[in-house]
Amino acid sequence: GKEFQKPVRICKYCYSDVEQGNYFSQRRYLTPLTLYDPPDDEHDLEDEDGVATHQTVAAALCALTSDLDALVLNASDVDSRLTLDPSILLPAITKHLRIR
């Protein structure tokens, strides 16, 4: 979308990942997971746009699942590929679990 057309600065945490050659840090999942605030009425889901929508949260959770599966399958270098501390990642994920 239009929000991705300009160059961006990266934070000091992402910069350390990029310096190590990890251009696809798990931090990329934090934007939609952290910023998304679901509407009270499910009918309002159709009016969402931007980087934090129910669709981007679903995509982030799906891709994160694939990344974590790959980590488990090749556990020999987990420390170098696990770029987010669980104390940051787990609250970002669990905030989207709701009982309906």
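Higher on the page you've got the structure.
Residue indices begin from 1 for each chain and proceed along its sequence in written order. Under the rules for a predicted model, residues below a pLDDT of 70 receive no local features and side-chain atom pairs below 80 are neither given nor counted, while totals for whole chains, interfaces and linings still include all residues. Side-chain measures here rest on the full set of heavy atoms in the structure, leaving out hydrogens and waters.

## Topic: the overall build of the chain
Inference 1: If you tally the helices and strands in the chain, you get five helices and zero strands.
Inference 2: Listing each helix as α and each strand as β along the chain from the N terminus yields α-α-α-α-α.
Inference 3: When a residue's accessible area, from a 1.4 Å probe over protein chains only, is under 20% of the maximum for its type it is buried; when over 50% it is exposed; and in between it is partly exposed. Each of the 100 residues in the chain was classed as buried or not, and the buried ones make up 22%.
Inference 4: Between two residues, a contact is recorded if the distance between any of their heavy atoms is within 4.5 Å. Here the contacts in the chain between residues at least 6 apart in sequence split such that 62% fall between residues at least 24 apart. Only DSSP runs of H or I with at least four residues qualify as helices, and only runs of E with at least two residues qualify as strands; both kinds are numbered from the N terminus onward.

## Some words on the nonpolar core
Inference 1: Among the buried residues, those of types Ala, Val, Leu, Ile, Met, Phe, Trp, Tyr and Cys that are joined through side-chain atoms within 4.5 Å form a nonpolar core. If you look at the biggest cluster of nonpolar residues, it comprises 11 residues: Y29, L30, L33, Y36, V57, A60, L64, L84, L89, A92 and I93.
Inference 2: Every element with two or more residues in this core is listed here: α2 (30-35), α3 (54-73) and α5 (86-94).
Inference 3: If near-sequence neighbours (up to four positions away) are discounted, L89 is found in contact with L64 and L84.

## Examining the pattern of salt bridges
Inference 1: A side-chain nitrogen of Lys or Arg and a carboxyl oxygen of Asp or Glu constitute a salt bridge if their distance falls within 4 Å. For the structure on display, the rule yields one salt bridge.
Inference 2: For D67, the salt bridge is made with R28, and the minimal N-O distance between the two is 3.1 Å. Of the two residues, D67 sits in helix α3 while R28 sits in the loop between α1 (12-19) and α2, which places them 39 residues apart along the sequence.

## Observations concerning α5
Inference 1: Taken as a whole, α5 has its buried residues at L89, A92 and I93. Viewed end-on, α5 has its buried residues packed into an arc of 95°, placing them on one side of the element.
Inference 2: As for α5, its buried residues are in contact with α2 and α3. The arc in question is the one spanned by the directions pointing from the helix axis to the C-beta atoms.

## Observations regarding α3
Inference 1: Expected span, for any helix, means 1.5 Å times one less than how many residues it has. For α3, with 20 residues, the first-to-last C-alpha span of 29 Å sits near the 28 Å given by 1.5 Å per residue.
Inference 2: Residues V57, A60, L64 and L71 constitute the buried set of α3. Down the axis of α3, the sector holding all buried residues measures 60°, keeping them to one side. Seen from the open side of α3, the exposed residues pointing more than 90 degrees away from its buried face are Q55, C62 and L73.

## Overview of the side chain of T53
Inference 1: Among the structural elements, T53 can be located in the loop between α2 and α3.
Inference 2: For T53, a relative accessible area of 3% corresponds to the buried category.
Inference 3: Setting aside its immediate chain neighbours within four residues, T53 contacts Y36 and E48.

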